[in-house]
Amino acid sequence: MASVWGISFDGTPISGVIVEFVKIARVFHAHGLRVHLDLGYDIKADKNAFFRPYQNEAELLPEWVELSRIDDIQRIDGYTPELVSDILAEVIGRGDDSRLRPVMDRLTAALRDRILATWEAHDVAFVIVENGTLPENVIYTAALYQAIEEYGTRRRLGRFVFWRDHDLMWQSEPSTGRYGRFPYPHTPMPVNGPHIHYVTLHEEARRRILEWAPHLRELSVLPNTFTHRPAEVTARNAAFRADHGIPRHVPLIARFTRIVRPKRIDRDLHLIAALPDAHLFVAGDPAEDPAEFARLTALAAELGVADRVVFGGRLRPYDADPDGPGYRVRDLLAHATVASFLTSYDYESYGNPIGEAIAARVPYLTSRYELYDTIYGDKGFRAPVLDIREADLPTPDFVGEVAELLTNETKRAKMAEHNYALGLRHFREGQAERLLERVFLAPMGERVRASVVLPVYNEAANLPAVLDSLYHQRGMDHAEYEIVLVDNNSTDDTVAIARRFAAEHPELAVHVVHEPEQGVSCARKAGMDFAGARSKEHAAGGGQRFLLVSADADCRVDPDWLFELCDAMESGKAAIGVCDYYYNPEHFAGRPRLWDAISRTLRCRAVTFALFGGFPDGKGFAVDRDVYDRVGGIEIFYQLKDGAFVNHLSDDWDFGIRVRGSGEEIRYVPRSRVEINPRRVDHAIDEVIAGRAYGSDGIIVMRDIRVDDPRPAREGDLSEAEAVQAWEFSIKDFTPKNTILPVLLTPSLLQDDAVIEFFGADLAERLGRRIAEIKDEMRMIDFTPIHSYKTPSYRLYFEFADEIFARLRATVGEDIGYPPPLPDCLRDVPPDRFAEFVRYYCEDRESGEAHNYFGNGGVF
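These numbers come from a predicted model, not from an experiment. (Residues numbered from 1 in each chain as written. Predicted model: local features only at pLDDT ≥ 70, side-chain atom pairs only at ≥ 80, totals over all residues. Heavy atoms only, no water.)

With that out of the way, let us pick up the overall build of the protein. The secondary structure content of the protein amounts to 30 helices and 25 strands. Over its C-alpha trace the protein gives a radius of gyration of 31 Å, about what one expects of a compact globule, namely 29 Å for 860 residues. Split into buried and exposed, the 860 residues of the protein put 53% on the buried side. Restricting to contacts in the protein with at least 6 residues of sequence separation, those with at least 24 account for 77%. Accessible area for the protein stands at about 37,900 Å²; split by element, carbon and sulfur atoms hold 51% of it. (Helix = DSSP H or I, 4+ residues; strand = E, 2+ residues; numbered from the N terminus. Rg over C-alpha atoms; globule rule 2.2 N^0.38 Å. Buried < 20%, exposed > 50% of the residue type's maximum accessible area, 1.4 Å probe, protein only. Contact = heavy atoms within 4.5 Å. Areas by Shrake-Rupley, 256 points an atom, 1.4 Å probe, with all protein chains shown as cover.)

This is the structure we're talking about:
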């Protein structure tokens, strides 16, 4: 069985680094790979664990993680913790490698060979490196780089190494000079190459890495994420306090961390000394640094708090199996009043204990370590914060703030709920899965030149026929295209059907990816982004363009659909190719009036599409990947419906508008044909003929229709009056979009002979003149006219509210307080898209909710 090899440079059995490794490894494990983890005992010299056999460390990890290490590493002559320490001090710290360079080169080669032999023995397919850049052991890092290059070349692997740095030289106790000075000449620099994808935790780290290594190309930001589920006292953990001698009703401060001096647990002891009723539970391994543990226990006795401090040993991780042996961090949080993280200023890379407390809906208190504001503070999380640049130990004001939090249950609940809601927005799970799927787990075939993106939601009934029609495409080899099926939270057998089809048709690559945000627009974007990113890892043969192709899960494509579409795109310069869509006339044999309205619309469409090229419809179009990237891909627009944001369904048209507006051409390909599923016409006919099939009041939504009975819900044809109504709505919808919009976006079309012939010279000239007038009328020139100032003012308020209120509190008074709650529709918006949704909210002309939120023009 192929396996994943994990390497942690942390040298400890449990830490934030190991917790994050497990989250990544879980994705590979779900794909059927065996997971090995080297804890790095034979890498770090300062943990007193070099060559020490594993004992009970596996109890802290999921049962599917197998603790391993490089075979026979202890037999490498001269490879000792003393040498590693000498290299760190002499070469890295003082910058002098003259004495040790020969032995370093020899040991690097020996380590490389042992790593290669171990990977071969375990049939390693992927490697996860955690914290490999920090120069704790540069000979091991150099050996690892050499092994990756040789192993990847030997096995013809693509990108198979996930290399994540949590701590780097400039953020890990830089004042000590332990890791040298910028630009760190003796630290192995990240390398560009075909095998490694680098990952860091936030944008600030990415900026610093690129400042040091500007050549680096494969570098992603992947924030740590947490399972958001309130921690609760259950039958399984009910005895936690009793088992540790903690009274049932006393306030309990939880500290879960490594017991080493940089974690500054002494601050917690001083805090407890100032809070006479509170208890402290410290979860960590006392044996990691016995001297520090002895110092802390002596300090507790000196402060008179030894009877209120429990050093409870290591707990299993936050996300560990609840049925495993012993207590977990989550069990501690279930009993805690608050969690503490009073750490050093320049030691932490992230601060996972804060994230875990937030995700467990437990308030926290913290020191303002160097990255606190970057990770948490600037995002609006609320907590007592000790500014350790001003005071090393808890101040009276800080103690008072903590005391109020411990005794005021209402304040704790509000703070925890506020932070929990923000946590859902900022640290949502699923980001790692998408990165791994894109970069590692779904390589693209060398001959693939088109990815067919198929969004699906509960399409078990239709999917077999749709996949069959995609499989039986004429004129293209199966190696030339792939299917990217995007599951949009299906609850039926959709995904199982897709996976079964893939297994039964291995000659055609079928990738199943997941998009958690509901809506076909989101699913289509996710699929195209996924395919586009992967396509850049290879180049299709013959200088052909790479095409992203949209298909619909309830429509069937004709046998020549894909070939005709790709051929037309290759033979011309258009950026988008638009298919021909049709209904099967036999389906409407007993409904002539309905068919007349449909067929007239389709005839109009054929004329205008041939003239202008048309606009893409999700049922079938292709776009050049480079153009897709250049215009920014599909953009999801949102509107308000019943007080909540909904993504509307015109992403395909909006995308076409952006492409045409950028100066690119769209081509109609009438021989690339798609048969439309008539179920909406059959089962929502009353909405269709009333112009309400896609919502109302400017909110573009569509009612979900899933039917078991293929027969129309309504028997018989339309009445004459209904037929007139149906046609009027159809042509009113059709004409602005298909006849006016093309020339509005590209007025130069009105100079085309065929277009002049269609409109007539006079109308074409007047259309061109009026388009210029309207564009000039709508141009914003100042903010003085009534209402013009409101939208930009509202947007700036939402984006800068926390900072503006902080200044008001400082200048007017603390009673100014914090910003009022956000509108409900903005509370769960992802943080990186907050400004985007604020724009939708403030510019929403139909609902007027933004005006109502701000008092609609006046209060007092």
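Right, let's talk about the environment of Ile774 for a bit. Take Ile774: it is sitting in helix 26 (residues 761-777). Separated by 30 residues in the primary sequence, Ile774 and Leu744 have C-alpha atoms spaced 9.9 Å apart.

The subject of this paragraph is the packing of helix 3 (residues 101-121) against helix 4 (residues 138-154). As a packed pair, helix 3 and helix 4 sit with axes 8 Å apart at the nearest point and diverge in direction by 45°. In terms of orientation, helix 3 and helix 4 fall into the oblique class. Helix 4 is crossed by helix 3, and the crossing has right-handed handedness. Along the contact surface, helix 3 presents Met104, Leu107, Thr108, Leu111, Arg112, Ile115, Leu116, Trp119 and Glu120, while helix 4 presents Val138, Ile139, Tyr140, Ala142, Ala143, Leu144, Gln146, Ala147, Ile148, Glu150, Tyr151 and Arg154. Among the residues making up the contact of helix 3 with helix 4, the classes are represented as 15 nonpolar, two polar and four charged. (Axes fitted to C-alpha atoms, helices over the stretch in contact; angles between N-to-C directions. Parallel < 35°, antiparallel > 145°, perpendicular 65-115°, else oblique. Left-handed = near helix turned anticlockwise from the far one by under 90°. Nonpolar A, V, L, I, M, F, W, Y, C, P; charged D, E, K, R; others polar.)

Below, the discussion takes up the sheet that holds strand 8 (residues 252-256). Read from one edge of the open sheet, six strands run 10-9-8-11-12-13, paired in parallel fashion. Both edges of this open sheet fall to strand 10 (309-311) and strand 13 (385-386), since each of them pairs with a single strand only. Bridge analysis of strand 8 against strand 9 (residues 279-283) gives five bridges, and the strand direction is parallel. By the bridge assignment for strand 9, Ile253 is matched with Leu280. The sheet strands contacting helix 7 (residues 265-273) are strand 8, strand 9, strand 10, strand 11 (338-341), strand 12 (364-367) and strand 13, and the helix crosses strand 9 at an angle near 165°. (Pairing = 2+ DSSP bridges.)

Judged by pairing direction, the sheet is mixed, and its eight strands sit side by side in the order 16-15-14-17-20-19-23-18 without closing on themselves. The two strands at the open ends of the sheet, each matched to only one other strand, are strand 16 (510-514) and strand 18 (556-557). Relative to strand 23 (residues 666-675), strand 19 (residues 576-582) runs parallel, the two being bridged by seven bridges. When the sheet's bridge partners are listed, Asp580 is paired in strand 23 with Arg673. Here helix 17 (residues 520-535) sits on the sheet and contacts strand 14 (450-456), strand 15 (481-487), strand 16, strand 17 (547-551) and strand 20 (620-624); the angle it forms with strand 15, its principal contact strand, is near 140°. Relative to strand 23, helix 18 (residues 561-571) is tilted by about 175°, and along the sheet it contacts strand 14, strand 15, strand 17, strand 18, strand 19, strand 20 and strand 23.

What follows is about the packing of aromatic side chains. If you walk through the whole model with that rule in mind, you get 35 aromatic pairs. Ring centres 5.6 Å apart and planes at 65° place the aromatic pair Tyr376 and Phe427 in the edge-to-face group. Taken together, the positions of Tyr376 in the loop between helix 11 (372-375) and strand 13 and Phe427 in the loop between helix 13 (409-426) and helix 14 (431-441) put the pair 51 residues apart, joining distant regions of the chain. Of the two residues, Tyr376 and Phe427, both sit in the buried class. Counting every residue linked through ring pairs, the aromatic cluster contains Phe226, Phe341, Tyr350, Tyr369, Tyr372, Tyr376, Phe381 and Phe427. (Phe/Tyr/Trp six-rings, centres within 6.5 Å; stacked < 30°, edge-to-face > 60°.)

This brings us to helix 5 (residues 203-212). Along helix 5, the residues that are buried comprise Ala205, Ile209 and Trp212. All buried residues of helix 5 project into a common sector of 60° when viewed along the axis, lining one side. Here the buried face of helix 5 lies against strand 6 (196-200) and strand 7 (219-221). (Arc of directions from axis to C-beta.)

Here Phe311 is to be found in strand 10. Along the backbone, Phe311 and Gly613 are 302 residues apart, and their C-alpha atoms lie at a distance of 72 Å. Those residues in contact with Phe311 that sit more than four places away from it in its chain are Ile259, Val282, Phe293, Leu296 and Thr297.

To continue, consider the pairing of strand 21 (residues 638-641). Sheet analysis places strand 21 next to strand 22 (residues 644-647), joined by four bridges and oriented antiparallel. Paired with Gln639 across the strands is Val646, a residue of strand 22. The turn joining strand 21 and strand 22, which pair antiparallel and follow one another in sequence, is formed by two residues; a positive phi near 55° is taken by Asp642.

On to the nonpolar core, then. Looking at soluble globular proteins, one finds that nonpolar side chains tend to be buried together. Core analysis: the largest hydrophobic core is formed by 99 residues, its most contacted members being Leu454, Val549, Trp561, Phe645, Phe655 and Leu826. Beyond its immediate chain neighbours, meaning those up to four positions away, Leu454 contacts Leu463, Val466, Leu467, Leu470, Val484, Leu485, Val486, Ala551, Asp552 and Ala553. The next biggest cluster of nonpolar side chains, apart from the first, holds 82 residues, and it includes Val35, Ala147, Leu168 and Leu216. (Core = buried A, V, L, I, M, F, W, Y, C linked by side-chain atoms within 4.5 Å.)

The axes of two packed helices give the description: the angle between them and the distance between them. Contact pair helix 15 (residues 463-471) / helix 16 (residues 494-504): the axes reach a minimum separation of 10 Å and the direction vectors enclose 30°. In this view, helix 15 runs roughly parallel relative to helix 16, as classed from their interaxial angle. Classified by chirality, the crossing of helix 16 by helix 15 is right-handed. On helix 16, the residues that touch Leu463, Pro464, Leu467, Asp468 and Tyr471 of helix 15 are Thr494, Ile497, Ala498 and Phe501. Within the contact of helix 15 with helix 16, the residues separate by chemical class into seven nonpolar, one polar and one charged.

Along the chain, Asp624 falls in strand 20. Relative accessible area serves as the criterion here: at 5%, Asp624 is assigned to the buried category. Setting aside anything within four residues of it in sequence, one finds Asp624 in contact with Arg545, Phe546, Leu547, Met569 and Ala575.

In this section: the pairing of strand 4 (residues 124-130). Along strand 4, seven of the seven residues are buried, which leaves the element largely enclosed by surrounding structure. Strand direction decides the pairing type here: strand 1 (residues 3-8) and strand 4, joined by six bridges, are parallel. For Trp5, the partnering residue across the bridge sits in strand 4 and is Val127. Sheet topology note: the strand 4/strand 5 (residues 161-164) ladder contains four bridges and is parallel. Residue Val127 lies in a different strand from strand 5, and its bridge partner there is Val161. With helix 4 bridging strand 4 and the parallel strand 5, this β-α-β connection has right-handed handedness. (Right-handed = clockwise from strand over helix to strand, strands pointing away.)

Time to look at the pattern of salt bridges. Side-chain pairs of opposite charge can arise whenever the charged atoms involved come near each other. Summed over the entire model, instances satisfying the criterion amount to 62 salt bridges. Residues Glu564 and Arg671 are paired through a salt bridge, measuring 3.5 Å at the closest nitrogen-oxygen approach. Placement of the pair is Glu564 in helix 18 and Arg671 in strand 23, with a sequence separation of 107 residues. Residue classification places Glu564 among the buried positions, given a relative accessible area of 14%. (Salt bridge = Lys/Arg side-chain N within 4 Å of Asp/Glu carboxyl O.)

On the secondary structure map, Leu219 appears in strand 7. Using a relative accessible area of 8% as the deciding quantity, one classes Leu219 as buried. For Leu219, the contacting residues outside a window of four places in its chain are Tyr198, Val199, Thr200, Arg206, Ile209 and Leu210.

With that settled, consider helix 19 (residues 592-612). The terminal C-alpha atoms of helix 19, which comprises 21 residues, lie 30 Å apart, in line with the 30 Å expected from a rise of 1.5 Å per residue. If you check which residues of helix 19 are buried, you get Leu594, Ala597, Ile598, Ser599, Thr601, Arg605, Thr608, Phe609 and Phe612. Directly beyond the C-terminal end of helix 19, a positive phi value near 95° is found at Gly613. (Expected span 1.5 Å × (residues − 1).)

Here, disulfide denotes a covalent bond that connects the sulfur atoms of two cysteines. Enumeration according to the criterion identifies zero disulfides in this entry. Not engaged in a disulfide, the cysteine Cys579 finds its nearest cysteine sulfur in Cys566; these two sulfurs lie 9.6 Å apart. (Disulfide = S-S within 2.5 Å.)

Honestly, that's just the spatial picture; any functional story needs more than this.
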